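Inside the fold
The chain contents come next:
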Amino acid sequence: MPRLALYALLVCLLAVAAAVVAFVQGSLLGVVWVLVAGLSSNMCWYYVKRGKSSPTG
């Protein structure tokens, strides 16, 4: 897995954790964290697919 995909996956997991904590505390800021998680998830998939199609890996 490419390094950028791992970074994006890490950001996604941290954003999901932050969203859970925000919603448990009753803050609507969790909506922003859900959006960040979705964006970083898409970035992760993009870098994984781009890494697999690359001949140099």
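The text that follows walks through the structure, step by step, so that each part is easy to find.

Procedures and definitions
Along each chain, the written sequence defines residue order, and numbers are assigned to residues from 1. Restriction of local features to residues with pLDDT of at least 70 applies here, the model being predicted, together with a cutoff of 80 or more for giving and counting side-chain atom pairs; totals for whole chains, interfaces and linings are based on all residues. Each side-chain value is derived from all of the structure's non-hydrogen atoms; neither hydrogens nor water enter the calculation. Helical segments are the DSSP runs of H or I of at least four residues, strand segments are the runs of E of at least two, and each set is numbered from the N terminus. Helix span is expected to be 1.5 Å times the residue number reduced by one. The rule is simple: take the accessible area with a 1.4 Å probe, protein chains only, and divide by the maximum for that residue type; under 20% is buried, over 50% is exposed, in between is partly exposed. Here, the arc refers to the directions that run from the helix axis to the C-beta atoms. Contact definition: two residues touch when any of their heavy atoms are within 4.5 Å. Defined by distance alone, a disulfide is two cysteine sulfur atoms within 2.5 Å. Aromatic pairing here means that ring centres of Phe, Tyr or Trp (its six-membered ring) are within 6.5 Å. Orientation follows from the plane angle: under 30 degrees is stacked, over 60 is edge-to-face, and everything else is tilted. Here the axes come from fitting lines to C-alpha atoms, over the contacting stretch only for helices, and the angles between their N-to-C directions go from 0 to 180 degrees. Relative orientations are named as follows: roughly parallel for angles under 35 degrees, roughly antiparallel for angles over 145 degrees, roughly perpendicular for angles from 65 to 115 degrees, and oblique for any other angle. Here is the rule for handedness: rotate from the far helix to the near one, and if that takes an anticlockwise turn smaller than a right angle the crossing is left-handed, while a clockwise turn gives right-handed. Charged residues are taken to be Asp, Glu, Lys and Arg, nonpolar residues to be Ala, Val, Leu, Ile, Met, Phe, Trp, Tyr, Cys and Pro, and polar residues to be all remaining types, Gly included.

Quick look at the environment of lysine 49
Inspection of the secondary structure puts lysine 49 in helix α2 (residues 30–53). The sequence separation of lysine 49 and alanine 5 amounts to 44 residues, and the corresponding C-alpha distance is 9.4 Å.

Points about helix α1 (residues 3–24)
Helix length check: α1, at 22 residues, gives a terminal C-alpha distance of 32 Å against a target of 32 Å (1.5 Å per residue), a fit within 8%. Regarding α1, the residues found buried are Ala5, Ala8, Cys12, Ala15, Ala19 and Ala22. An end-on view of α1 places all buried positions within 110° of arc, on one side of the element. What points out from α1, more than 90 degrees from its buried face, is the exposed set Arg3, Leu13, Leu14 and Val24. Turning to α1, the residues buried within the fold contact α2. Where α1 terminates, the next one or two residues include glycine 26, which has phi positive at roughly 85°.

Concerning α2
Compared with an ideal rise of 1.5 Å per residue, which puts 24 residues at 34 Å, α2 spans 35 Å between its outermost C-alpha atoms and is within 8% of the ideal. Looking at α2, one finds that the buried residues are Gly30, Ala37, Ser40, Cys44, Tyr47, Val48 and Gly51.

Remarks on the state of the cysteines
Within this structure, the stated rule accounts for zero disulfides. Left without a disulfide partner, cysteine 12 is nearest to the cysteine sulfur of cysteine 44, which lies 7.3 Å away.

What to know about the packing of aromatic side chains
Per the stated rule, a full pass over the model turns up one aromatic pair. Between the aromatic rings of tyrosine 46 and tyrosine 47, the centroid separation amounts to 5.3 Å while the plane-to-plane angle is 65°, which identifies the pairing as edge-to-face.

Remarks on the environment of leucine 29
Tracing the backbone through its elements, the reader meets leucine 29 in the loop between α1 and α2. A sequence separation of ten residues divides leucine 29 from alanine 19, and the C-alpha atoms of the two residues are 7.6 Å apart.

Examining the packing of α1 against α2
The axes of two packed helices give the description: the angle between them and the distance between them. The geometry of α1 relative to α2 is characterised by a closest axis approach of 8 Å and an angle of 160° between their N-to-C directions. Classified by the angle their axes make, α1 and α2 are roughly antiparallel. Judged by the twist between their axes, the crossing of α1 over α2 is left-handed. Where α1 approaches α2, its residues Leu4, Ala5, Ala8, Leu9, Val11, Cys12, Ala15, Val16, Ala18, Ala19, Ala22 and Phe23 are matched on the opposing element by Gly30, Val31, Trp33, Val34, Val36, Ala37, Ser40, Ser41, Met43, Cys44, Tyr47 and Val48. Residues that form the contact of α1 with α2 fall into these classes: 21 nonpolar, three polar and no charged.

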